[in-house]
Each structure stands twice: as C-alpha cells, then as structure tokens.
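Results of the structural survey
Letter by letter, the chains look like this.
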Amino acid sequence: MVEQISPRTLYDWLDARKFALVDTRPAESYDAWHVPGAANFPFGPDESFDEERLATFRRLADGTRPVVTVCAKGVTSLRLAEQLEATGDYDDVYAVDDGMRGWSQVYEAVPVEAADGLELLQVQRVAKGCLGYVVGCRETGTAAVVDATRHVSEFEDAADAAGLEIAHVLDTHVHADHVSGGRQLAERLDVPYYLGARAEERDVAYDYEPLARNEVLDVGNVALKALYTPGHTTEAVSYLVDGDAVLTGDTVFVDSTGRTELEFGAEGARTGARLQYDSIHGTLLSEPDSVTVLPGHATVLDSGEWKHATPGDPVSTTIGRLRTSLDVLELDEEAFVDYVRSHLPEKPPNYEAILAVNRGVLDLGSDAEATELELGPNRCSAS
C-alpha cells in the first residue's frame with residue numbers, strides 16, 4: 001500500500017534523502033510553480049499506464065529510488081503512486097498528502113542573531129517566500145508579531161517555543177500577495193493590531209491602532225519604531241527594532257526593491273518609485289551600516305528555489321551591504337524610477353481579491369478558498 005507523507009516530511013527529505021520527485025500536474029501549472037527538484041509527468045485523474053507511458057516514466061525517474069509523487073491536492077499523485085506500485089517495478093513509492101496546497105503551508109521558524117536581550121525569529125513560509133517576525137524582549141517575555149500570514153498558529157508556536165507572550169500585532173502594509181493573518185491573530189489573542197497611520201488612505205474597513213511617523217511602540221524593554229517608507233504602498237512602514245535591526249516589509253529586499261504599481265497603477269508606478277527612492281535613500285540608508293535588514297519576502301523562482309537565500313537560514317543583510325552591493329541603489333533618482341518602472345514581473349495572481357480581503361472589504365467563505373486565492377510564490381519585488 002502506498003504511504004502518504006506530509007508536505008513537512010517532503011520538506012525535511014529534500015536535504016536529507018535522495019529520491020525522484022514527480023509532479024503530476026499539467027505542464028502550465030508545473031512551469032508556474034513547483035517544489036525544487038521536481039520533474040513533470042502530467043497524469044490525469046482518469047489516466048492509466050500502458051507500456052509506452054511506463055517507459056516514459058522510467059526514463060524520467062532514471063532508476064532513482066524511492067519515488068515521491070505530488071500534485072495539486074494529493075489526489076492524482078496518489079493514483080499515479082498506486083499504479084506505479086501495481087506494476088511490480090516500484091515498491092518504495094510515496095505520495096504527498098494535500099499536494100501543493102499543503103506545500104504552500106510549510107513553515108520554518110529561524111532565529112536571527114540579535115543584541116543581548118532581544119529575541120528575533122524569522123517565520124518563513126517556504127513555498128511562497130513570505131517572511132514574518134516575532135520580536136521579543138527576553139527580560140519581560142513580551143513579544144510583537146510583524147507581518148503574520150494567515151496560518152497564525154505558526155507565529156503562536158514560535159513565540160511559545162521562545163518563552164514569549166504576544167502583546168502586539170503589526171503589519172508593514174496592506175499586502176497584495178497573501179492573506180494577512182494580522183487581524184485574526186490580534187483578535188484571537190485580544191491584543192492591539194497596528195498599521196501605519198496613512199492606512200486611512202487605503203480605505204481599510206476595520207479598526208486598527210495607527211502608528212505615526214517615528215512613533216515608538218514598547219515591546220517590554222524593546223523599542224519598535226515606525227519609519228514611514230512609502231513607495232510599494234502609500235502606508236508602508238518599516239520597523240526599527242532597538243536600533244539593531246529594521247523590518248523593511250516590501251520596501252527593500254536583500255536582492256531588489258519593492259514593485260510600485262500594485263496600488264498606484266501602471267501610470268502611477270513612477271510616482272511610487274519616487275517615493276520608494278526617498279524612503280530607501282532618505283530613511284533606511286540613513287541608519288548605521290551595522291543595522292540588520294530583515295525583509296518581508298525572499299525571492300522564489302518558478303523552480304521553487306529561493307534566489308540569494310536558503311530556507312532554514314535567516315534571510316538578511318545589513319544597511320552597509322545594501323549600500324555597497326545592491327546595484328539598483330547606486331542609480332540616481334531618475335534612473336531608479338526608470339528601472340523600477342521597466343522591471344515589473346508578472347502580477348501576483350488574484351492580487352485585487354487579496355487586497356480586498358486585507359482591506360477588510362471582502363470576506364472569504366472558507367480556508368480552502370483562501371488557499372486557492374494565494375497559491376504560488378510571492379511576486380512583490382521589481383526584478
């Protein structure tokens with residue numbers, strides 16, 4: 001009987017075991033997004049093996065054992081695995097339970113080196129490259145969560161494991177690539193939820209605590225300072241953590257800057273890019289070179305691999321390294337604006353609906369609907 005493994009087990013196996021990973025989805029779905037190292041063998045729900053198809057599969061797997069199959073939701077891949085086992089040629093076949101839907105919900109909580117007394121955890125959503133944070137004061141055991149995704153238990157578990165109690169929940173901006181879990185987490189824990197004060201310009205339809213420019217939120221003995229960094233969105237803020245690290249959201253990443261047209265539109269992208277230039281050069285790069293930069297996303301390639309980062313390791317740089325190694329930051333303002341405007345990747349799928357959810361003007365009927373809405377990697381950078 002074919003054994004089903006969890007997406008988390010698949011993630012653990014990627015570095016620990018040698019196996020053939022086979023994705024049964026149609027080629028266009030596979031090309032858009034897949035697990036690193038997967039090969040594509042399209043296989044329909046009513047399809048069966050004949051000698052020709054089996055020979056094709058054998059060439060694809062190239063004798064590698066065991067074989068792990070994955071599809072969208074775990075149905076077709078299980079059928080393929082069962083048929084492989086029935087051939088008698090494969091007795092070590094596994095199918096990934098819940099498929100790519102489950103893969104999109106694999107997380108890793110990664111400690112970030114920080115000053116004495118400061119606890120910093122980067123909560124990585126591996127498939128999408130979304131990065132959220134638990135910021136804690138070790139002396140008081142108090143924590144804030146920044147940019148929580150909708151699987152809020154991952155952030156609660158990370159805080160609990162570090163001996164921290166969440167007292168504040170914040171978002172850097174109204175997200176367009178994933179459903180935020182910020183309000184849900186704040187309501188669940190009955191703690192305040194914060195956005196930058198300019199969020200009123202985004203017509204959000206819920207209550208939040210507005211943070212003024214340079215306002216400081218005390219997280220125990222740790223100071224969380226709201227730096228206005230508009231450009232990606234009107235209300236975007238970055239959070240300076242005790243002068244030791246800065247959580248930059250989608251303003252700047254380790255390898256790029258944020259795109260500027262999702263809110264402002266194609267024509268307004270130049271306006272957003274000018275704001276972005278000022279936010280980066282006038283605000284973020286004015287911080288000391290030693291400050292650690294912790295972005296809101298890692299860049300995920302269509303292959304499923306991370307660019308310039310590795311899941312399980314902190315995604316970070318410093319102000320000094322940004323200043324000297326990110327070529328786009330060496331451009332003058334006009335050249336920067338032209339670059340950002342001309343390097344817009346494909347828009348995130350369903351981003352209008354995701355924005356509506358995160359603004360509080362659209363309710364999702366089910367967790368399954370949210371999963372379908374945000375499938376795929378993030379596309380927040382100007383690449």
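In the block above lies the structure referred to throughout.
Here, residues in each chain are numbered from 1, in the same order as that chain's written sequence. Where local features are concerned, this predicted model is filtered to residues with pLDDT of at least 70; where side-chain atom pairs are given and counted, the filter is 80 or more; whole-chain, interface and lining totals use all residues. Values reported for side chains reflect all heavy atoms of the structure, with hydrogen atoms and water molecules removed beforehand.

Quick word on the side chain of Arg 202
Where helices and strands are cited, they refer to DSSP runs of H or I of at least four residues and of E of at least two residues respectively, numbered from the N terminus. Among the secondary structure elements, Arg 202 is positioned in the loop between strand S11 (193–196) and strand S12 (209–211). We call two residues in contact whenever any of their non-hydrogen atoms come within 4.5 Å of each other. Beyond its immediate sequence surroundings of up to four residues, Arg 202 is in contact with Val 174, Thr 233, Thr 234, Glu 235, Glu 263, Leu 355 and Arg 359.

Focus on the sheet that holds strand S14 (residues 222–228)
Strand order in the open sheet made by the 6 strands is S13-S14-S15-S16-S18-S21, with mixed pairing throughout. Where the open sheet ends on each side, the last strands, each with one partner, are strand S13 (216–219) and strand S21 (317–318). Any two strands with at least two DSSP bridges between them are considered paired. In this structure, strand S16 (residues 245–249) lies alongside strand S18 (residues 292–295), joined through 4 bridges in parallel fashion. Each residue of the ladder has a partner; that of Ala 245, found in S18, is Thr 292.

Examining the nonpolar core
Judged by nonpolar contacts, the single largest core of 29 residues is most densely connected at Val 135, Leu 170, Leu 224, Tyr 239 and Leu 247. The set of elements that each furnish at least two residues to this core consists of strand S7 (118–125), strand S8 (130–137), strand S9 (142–146), S13, S14, strand S15 (237–241) and S16. If sequence neighbours within four positions are ignored, Leu 247 has contacts with Tyr 133, Val 135, Val 146, Thr 172, Ser 238, Tyr 239, Val 241 and Leu 294. Among the nonpolar cores identified, the runner-up in size contains 28 residues, and Ala 158, Leu 185, Val 191 and Tyr 193 belong to it. In this text, buried Ala, Val, Leu, Ile, Met, Phe, Trp, Tyr and Cys residues form a nonpolar core when linked through side-chain atoms within 4.5 Å. Three exposure classes are used, based on accessible area relative to the maximum for each residue type with a 1.4 Å probe and protein chains only: buried under 20%, partly exposed in between, and exposed over 50%.

Some remarks on unusual backbone geometry
Residues Arg 65 and Pro 66 are joined by a peptide bond in cis, for which omega reads -5°. Along the chain, Pro 66 falls in the loop between helix H3 (51–61) and strand S4 (67–70). One non-glycine residue, Asp 147, adopts positive backbone phi at about 60°. Looking at where Asp 147 falls in the secondary structure, it is placed in the loop between S9 and helix H6 (153–161). According to the relative accessible area criterion, Asp 147 is buried, its value standing at 4%. A positive phi angle, near 65°, is found at His 308, a position not held by glycine. Here His 308 is to be found in the loop between strand S20 (306–307) and S21.

A word on empty space enclosed by the protein
With a probe scaled to a water molecule rolled over the atoms, the places where space remains empty come into view. Put plainly, a pocket is an open set of points on a 1 Å grid over the protein atoms alone with protein on both sides within 12 Å along at least five of seven lines, a cavity is a set where a 1.4 Å probe fits but cannot get out, and a lining residue has an atom within 4 Å of a point. Grid points are joined across faces, edges and corners, and a volume is the space filled by probe spheres set on the points. Summed over all chains, the structure comprises 3 cavities of 30 Å³ or more. For the largest cavity, the calculated volume is near 40 Å³. Along the wall of the largest cavity there are 13 residues; nearest its centre are Leu 131, Asp 147, His 175, His 178 and Gly 296. When residues in the lining of the largest cavity are grouped by element, the largest group, 3 residues, is from S8. In terms of residue class, the lining of the largest cavity is built from 2 nonpolar, 9 polar and 2 charged. Residue polarity is assigned by list, with Asp, Glu, Lys and Arg as charged and Ala, Val, Leu, Ile, Met, Phe, Trp, Tyr, Cys and Pro as nonpolar; anything else, Gly included, falls into the polar class.

Description of the packing of aromatic side chains
Between rings of Phe, Tyr and Trp, where Trp is taken as its six-membered ring, a pair exists when centres lie within 6.5 Å; planes separated by under 30 degrees are stacked, by over 60 edge-to-face, and by other angles tilted. Scanning the model with the defined rule gives 12 aromatic pairs in all. On the numbers, 6.3 Å between centres and 20° between planes, the contact of Phe 41 with Phe 43 is stacked. Under the relative-accessibility criterion, Phe 41 is labelled buried at 3%. Looking at Phe 43, the relative accessible area reads 4%, which means it is buried. Ring centres of Phe 49 and Phe 57 lie 6.3 Å apart, and the angle between their planes is 70°; on these two criteria the pair is classed as edge-to-face.

Topic: the pairing of S8
Within S8, 8 of the 8 residues are buried, which leaves the element mostly enclosed by the surrounding structure. Along S8, one buried face is formed by Cys 130, Gly 132, Val 134 and Gly 136 and the opposite face, lined by Leu 131, Tyr 133, Val 135 and Cys 137, is buried too. The sheet contact formed by S7 and S8 spans 8 bridges and is antiparallel. Looking at the pairing, Arg 125 lines up with Cys 130 of S8. Counting the residues that bridge the hairpin from S7 to S8 gives 4 residues, and of these Gly 129 lies at a positive phi of roughly 75°. Judged from the 5 bridges that link them, S8 and S9 form a sheet pairing that is antiparallel. The residue bridging Tyr 133 from the neighbouring strand is Val 146, located in S9.

Nothing here speaks to function; it is geometry throughout.
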